[in-house]
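Results of the structural survey
Chain by chain, the residues:
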Amino acid sequence: MADLTHGSDRLTAEEKLRLLVDFGTRISSELHLDKLLDIIAQQITQMLDVGRCTIYLKDEAKNELWSKIAQGKGLEHTEIRIPLNSDGFIALVARYGQTINLPNAYDDPRFSVDVDMVTAFRTHATIAVPLKNNSDEVLGVVQASNKSNGTPFDKNDEGLLRLLATLASGSIEIAQLYQEIRVAQLETIYRLAVTAEYRDQQDTRQHLKNISIIAYLLALALGMSKTEAELIKNASPLHDIGKVALADNILLKPGKLTPEEFEIMKSHTIYGGKILEGAHSKVLQMAHKMSLYHHEKWNGSGYPKGLKEEEIPLEARIVTVADVFDALCVFRVYKKAWKTEEALNYIIEESGKSFDPRVVAAFKKIYPSVKRLYAHVSVNQPAHKDASVEKEVS
Ligand SMILES: [Fe+2]
Ligand SMILES: [Fe+2]
């Protein structure tokens, strides 16, 4: 990249063009909104050689503008919210879709000093341009403040900022849609998981949350990438989805299951496998393996297929440990809550029997973090005489 420290007006036409191409390339490959906004703000800060660049996006539901990412001293990752109907110049730019250029911010009644007060930043010259999509709808506002040479923003700066805003708005819109789809997908998965767990447990949400966190920590401790660990975290709540197919007299039975009933209970793995079979998304493909194989045991004595050792997919071996540990540590109608140390000892005892020794070793490493998750759990709840590990890990 060219030396950007001289401001836009000192760059040659060729350099400007190169920077614009570079800007377009960088922002078009980023689908995560937060990261994208960060990159855009950084690039604009450099290209205009300013003290701060802030990007505000519309929050239609709240009728506000918000900004999470802002460069400049003291403002990194701070969320700023501005009512869309206010008289401040950022809100005016968003409402009317016109650029506002303030040579001296503090002399203009439309400028609010609130953000400066919070961040100990003194705005001198500032300019804000609308971020518009192809349909000319305003998505937000880009604000740049304080050129390093101390001069107000001129027509060149304004033109460049408008051009960058136009380039940025396409990528922002795609990233917003991508985020919406991602959030919708995760929310659907989670609510589907809650549906299944709701039927036989009282502390459903906590159970799913604990399992997700433990599975995530285990994946990282086993050396998986953050992306893989995230997938495991998001897929793990679906491990018992097959329970939706079980009859109430089995699923809700408070006491110990008869051998015949237990055989039926085991089929939740098969049902889970069928529900998630042939999924296209990575997260559901992973959830498929987890739901089908989370009761397989390392020594081959589990179900439904009696797979052993590496035949069992790693993600299932991970969720098994997380599921059993959590089942032991929480109160259920048929068992008391075990102390985390007792549950840890059980996991260690079962290394090489129920559990993959490598996963157990990883569990020992993450145990201090896991223990903190259960700090609130009381072990003094009434115990049921029919407590059984078989049922609690189902
Ligand atoms: Fe479970
Ligand atoms: Fe299960």
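Each chain has its residues counted from 1, running along the sequence as written. Naming scheme: in the order in which they are written, chains are lettered from A and ligands are numbered from 1. Only residues with pLDDT of at least 70 are given local features in this predicted model, and only at 80 or more are side-chain atom pairs given and counted; all residues enter the totals for whole chains, interfaces and linings. Excluding hydrogens and water, the side-chain figures rest on all heavy atoms present in the structure.

1. What to know about the coordination of the iron ion (ligand 1)
For Na, K and Ca the donor cut-off is 3.2 Å, while for other metals it is 2.8 Å, and in both cases only N, O and S atoms qualify; water is not among them, so sites may look incomplete. Of the protein atoms, only H207 (NE2), H239 (NE2), D240 (OD) and D323 (OD) coordinate the iron ion (ligand 1), at distances of 2.4 to 2.7 Å. Four donors are marked tetrahedral only if all angles between them lie between 85 and 135 degrees, whereas four are marked square planar and six octahedral if opposite donors are more than 155 degrees apart and the other angles lie between 65 and 115; the remainder are marked irregular. What the four donor atoms of the iron ion (ligand 1) show is an angle range of 79 to 145° at the metal, which sorts the shape as irregular. Sequence spacing of the donor residues for the iron ion (ligand 1), all on one chain, is H-x31-H-D-x82-D. In this structure, the iron ion (ligand 1) lies 5.3 Å away from the iron ion (ligand 2), the two metals sharing D240 as a donor. With a gap of 32 residues between them, H207 in helix 6 (residues 204-221) and H239 in the loop between helix 7 (226-235) and helix 8 (248-251) connect regions that are remote in the sequence. Judged by relative accessible area, which is 0%, H239 ranks as buried. A run of DSSP states H or I qualifies as a helix once it reaches four residues; a run of E qualifies as a strand once it reaches two. Both are numbered from the N-terminal end. Burial classes follow relative accessibility: with a 1.4 Å probe on protein chains only, a residue under 20% of its type's maximum area counts as buried, one over 50% as exposed, and anything between as partly exposed.

2. Describing the sheet that holds strand 4 (residues 100-102)
Any two strands between which DSSP finds at least two bridges are classified as paired. Spatial strand order, 3-2-1-6-5-4: six strands in an open sheet with antiparallel pairing. The outermost strands of the open sheet, each flanked by one partner alone, are strand 3 (80-83) and strand 4. On average, adjacent strands in this sheet sit at an angle of 20° to one another, irrespective of strand direction. The axes used here are C-alpha line fits, helices contributing only the stretch in contact, and every angle between their N-to-C directions lies in the interval 0 to 180 degrees.

3. What about the side chain of S291?
Structurally, S291 is set in helix 11 (residues 282-293). The class of S291 is buried, set by a relative accessible area of 0%. Here, two residues are considered to be in contact whenever any of their heavy atoms come within 4.5 Å of each other. Those residues in contact with S291 that sit more than four places away from it in its chain are L238, H239, I241, T269, G272, G273 and L276.

4. Structural notes on the pattern of salt bridges
Salt bridges are defined as contacts in which a side-chain nitrogen from Lys or Arg sits within 4 Å of a carboxyl oxygen from Asp or Glu. Counted by the stated rule, this structure contains 18 salt bridges. Residues participating in the shared-partner salt-bridge network are D59, E64, E79 and R81.

5. Considering the coordination of the iron ion (ligand 2)
Taken together, D240 (OD), H268 (NE2), H294 (NE2) and H295 (NE2) make up the protein donors of the iron ion (ligand 2), found 2.1 to 2.3 Å from the metal. In this structure, the iron ion (ligand 2) is surrounded by four donor atoms whose angles at the metal cover 82 to 166°, and the resulting shape is irregular. Of note, the donors binding the iron ion (ligand 2) are all from one chain and are spaced D-x27-H-x25-H-H.

6. Some thoughts on helix 9 (residues 259-266)
Buried within helix 9 are the following residues: E261, F262 and M265. Projection of helix 9 onto a plane perpendicular to its axis shows the buried side chains occupying an angular sector of 100°, all on one side. Away from its buried face by more than 90 degrees, helix 9 exposes P259 and E260. What the arc covers is the set of directions going from the helix axis to the C-beta atoms.

7. Concerning the packing of helix 5 (residues 155-198) against helix 6
Interhelical geometry of helix 5 versus helix 6 gives an angle of 125° and a closest axis separation of 9 Å. Judged on the interaxial angle alone, helix 6 and helix 5 are oblique. Remark: the crossing between helix 5 and helix 6 carries right-handed chirality. Where helix 5 abuts helix 6, its residues Y190, A193, V194, E197 and Y198 lie against T204, R205, H207 and L208. When residue character is reported, Ala, Val, Leu, Ile, Met, Phe, Trp, Tyr, Cys and Pro are called nonpolar, Asp, Glu, Lys and Arg charged, and the others, Gly included, polar. By residue class, the composition of the contact of helix 5 with helix 6 is five nonpolar, two polar and two charged. If an angle is under 35 degrees, it is roughly parallel; if it is over 145, roughly antiparallel; if it lies from 65 to 115, roughly perpendicular; otherwise it is oblique. The sense of a crossing depends on the near helix, which, turned anticlockwise from the far helix by less than a right angle, makes the crossing left-handed and, turned clockwise, makes it right-handed.

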